[in-house]
Amino acid sequence: MTKITGEFGQSAPLVSIIVVSYNTREMTLECLRSVFAQTRQRFELIVVDNASSDGSAAAVAAEFPDVRLMAEIENHGFAKANNIAASHARGEYLLLLNPDTVVLEGAIDRLLDFARRVPEAGIWGGRTLHGDRSLNPTNCWRRMTLWSVASQVVGLSSLFRRSTLFNPEGYGGWSRDSERGVDIVTGCFLLIRREFWKELGGFDPSYVMYGEEADLCLRAQAKGARPMITPEAQIVHYAGASETVRSDKMVRLLRAKVLLIRRHFPRWQRPAGLMLFRLWPLSRYWATRALGRRMAAQTWGEIWRRRPEWWHGWPETGNGPSSSPG
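This report concerns the structure included in the present document.

What counts, and at which threshold
- Residues numbered from 1 in each chain as written.
- Predicted model: local features only at pLDDT ≥ 70, side-chain atom pairs only at ≥ 80, totals over all residues.
- Heavy atoms only, no water.
- Helix = DSSP H or I, 4+ residues; strand = E, 2+ residues; numbered from the N terminus.
- Rg over C-alpha atoms; globule rule 2.2 N^0.38 Å.
- Buried < 20%, exposed > 50% of the residue type's maximum accessible area, 1.4 Å probe, protein only.
- Contact = heavy atoms within 4.5 Å.
- Areas by Shrake-Rupley, 256 points an atom, 1.4 Å probe, with all protein chains shown as cover.
- Lys, Arg positive; Asp, Glu negative; His and termini not counted.
- Charge placed at Lys NZ, Arg CZ, Asp CG, Glu CD.
- Arc of directions from axis to C-beta.
- Axes fitted to C-alpha atoms, helices over the stretch in contact; angles between N-to-C directions.
- Parallel < 35°, antiparallel > 145°, perpendicular 65-115°, else oblique.
- Left-handed = near helix turned anticlockwise from the far one by under 90°.
- Core = buried A, V, L, I, M, F, W, Y, C linked by side-chain atoms within 4.5 Å.
- Polar contact = N/O pair within 3.5 Å; in protein donor to acceptor, adjacent residues only side chain to side chain.
- Phe/Tyr/Trp six-rings, centres within 6.5 Å; stacked < 30°, edge-to-face > 60°.

When you go through the protein chain residue by residue, the secondary structure sums to 13 helices and 13 strands. Compactness check: the protein chain gives a C-alpha radius of gyration of 19 Å against a globular reference of 20 Å for 326 residues, within 12% of the reference. The principal-axis extent of the C-alpha atoms belonging to the protein chain is close to 60 × 40 × 40 Å. A total of 326 residues make up the protein chain; the buried ones form 54% of that total. Pairs at least 24 apart in sequence give 78% of the contacts found in the protein chain among residues at least 6 apart. Here the protein chain displays about 14,600 Å² of accessible surface, and carbon together with sulfur accounts for 54% of that area. Once the 42 positive and 33 negative side-chain charges of the protein chain are each reduced to a mean point, those two points are 7 Å apart.

Moving on, we come to helix H3 (residues 78-86). Counting buried positions along H3 yields 8 of 9 residues, so the element is predominantly enclosed. Those residues of H3 lying buried are Phe78, Ala79, Ala81, Asn82, Asn83, Ile84, Ala85 and Ala86. Summarising the contacts, the buried residues of H3 are in contact with strand S2 (15-21), strand S3 (43-49), strand S4 (68-72), strand S5 (93-97), helix H7 (194-200) and helix H8 (212-222).

It is worth spelling out unusual backbone geometry at this point. One non-glycine residue, Tyr171, lies in positive phi territory at about 55°. Relative to the assigned elements, Tyr171 resides in the loop between helix H6 (156-159) and strand S10 (180-181). The phi dihedral of Tyr210 is positive, around 75°, even though this residue is not glycine. Looking at the element boundaries, Tyr210 is found in the loop between H7 and H8.

This paragraph deals with helix H11 (residues 280-290). All of the buried residues in H11 are Trp280, Pro281, Arg284 and Thr288. In a view along the axis of H11, the buried residues occupy a sector of 95°, so they form one face of it. In this fold, the buried residues of H11 make contact with helix H5 (146-153), H6, helix H9 (246-264), helix H10 (270-278), helix H12 (294-305) and helix H13 (307-310). Just past H11, the residue Gly292 takes up positive phi, approximately 75°.

On to the packing of H5 against H10. The interhelical angle for the contact between H5 and H10, taken along N-to-C directions, is 20°, at an axis separation of 9 Å. Considered as vectors, H5 and H10 are oriented roughly parallel to each other. Like other packed secondary-structure pairs, H5 and H10 cross with a definite hand, here left-handed. Across the interface between the two elements, Leu146, Val149, Ala150, Gln152 and Val153 of H5 pack against Ala272, Gly273, Leu276 and Phe277 of H10.

Core analysis: the biggest nonpolar cluster contains 54 residues, and Ile123, Ile192 and Trp197 have the highest contact counts within it. It is H9 that provides the largest number of residues to this core, a total of 8 residues. Ignoring sequence-local partners within four residues, the contact set of Trp197 consists of Asn82, Asn83, Ala86, Leu94, Leu96, Ile192, Gly202, Phe203 and Leu216. Within the second largest apolar cluster, 36 residues are counted, among which are Val15, Leu29, Leu97 and Ile235.

In this fold, Phe64 is placed in the loop between helix H2 (56-63) and S4. With 32 residues separating them in the primary sequence, Phe64 and Leu32 have C-alpha atoms 8.4 Å apart.

Before going further, it helps to examine the side chain of Ser16. Assignment of secondary structure puts Ser16 in strand S2. Using a relative accessible area of 0% as the deciding quantity, one classes Ser16 as buried. In terms of polar contacts, Ser16 uses its side chain to reach the backbone amide nitrogen of Arg90, at 3.3 Å. In contact with Ser16, not counting residues within four places along its chain, are Glu44, Ala89, Arg90, Gly91, Tyr93, Leu94 and Leu95.

Counted under the stated rule, the structure contains 14 aromatic pairs. With 6.2 Å between their ring centres and 45° between their planes, Trp147 and Phe166 make a pair best called tilted. Remark: Phe166 occurs in the loop between H6 and S10 and Trp147 occurs in helix H5; sequence separation between them is 19 residues. Accessibility expressed as a relative area gives 41% for Trp147, which makes it partly exposed. Given a relative accessible area of 23%, Phe166 falls into the partly exposed group. In this structure an aromatic cluster arises from ring pairing among Phe36, Phe43 and Phe64.

Rendered as structure tokens:
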């Protein structure tokens, strides 16, 4: 059951900004304040609170009575919560914005300008910074391949982070300071036309957490989109605010990546891709143990022991968008 609050005028907004929160009350409030302070284009703001226990929903309702607040009584996860919000959106564009972000210097307006300038991209993103304003390179990724998984398993992507050859998923040493086509725009700051979102079927709810934007972007590319990012639209992304236990976060991430391999690797590469990827936590355990990093080794050891939880990935719900052909 959902409790929806918030009143709206008759004029349609240009963009519907969707924020999905879970136990990030103070960060969510800071995020919403920055949206109002930095955005001049017509927008509506939809907040889905995933049954937070920290008073997030009440705090948002008290400070922002005109925001459309959907106070959920269960935690739907990121993918389904965004789908719920999008079904109520009225804007020409949808902007997915994490609650642990701060909008800087008209970033949403600039991202909309970028979208109008390069409409062929289909999906648009900006540049993300850490809290100290240093680069946070997690705004975009290249798709997984057999080579990228192999580089990860043997540690090359960690040893040579600035190498485009050995760290292909992270785009090597690119500092995100130029407009560029990318495979995946991260869901913390992702703009898409609402009609295209509907055509894609939104996020596949099989991805309870992590991987949903990768799946969306890869399906969009199959329909001719060419996602792009611009350095002109910048936000702070603190990252991981609702994930306090690293092993839990990694188990969810592993489940998502296993499903991505099953869905988006060419069919003949899937067995090898899954075999290699499933060795990654074990290789990290032995590497951190050999380097004397006791706490890291303990974490990776726990993740490996929990492999029955992630080995087969997220279960497919059967009611999501169809996957890309393999």
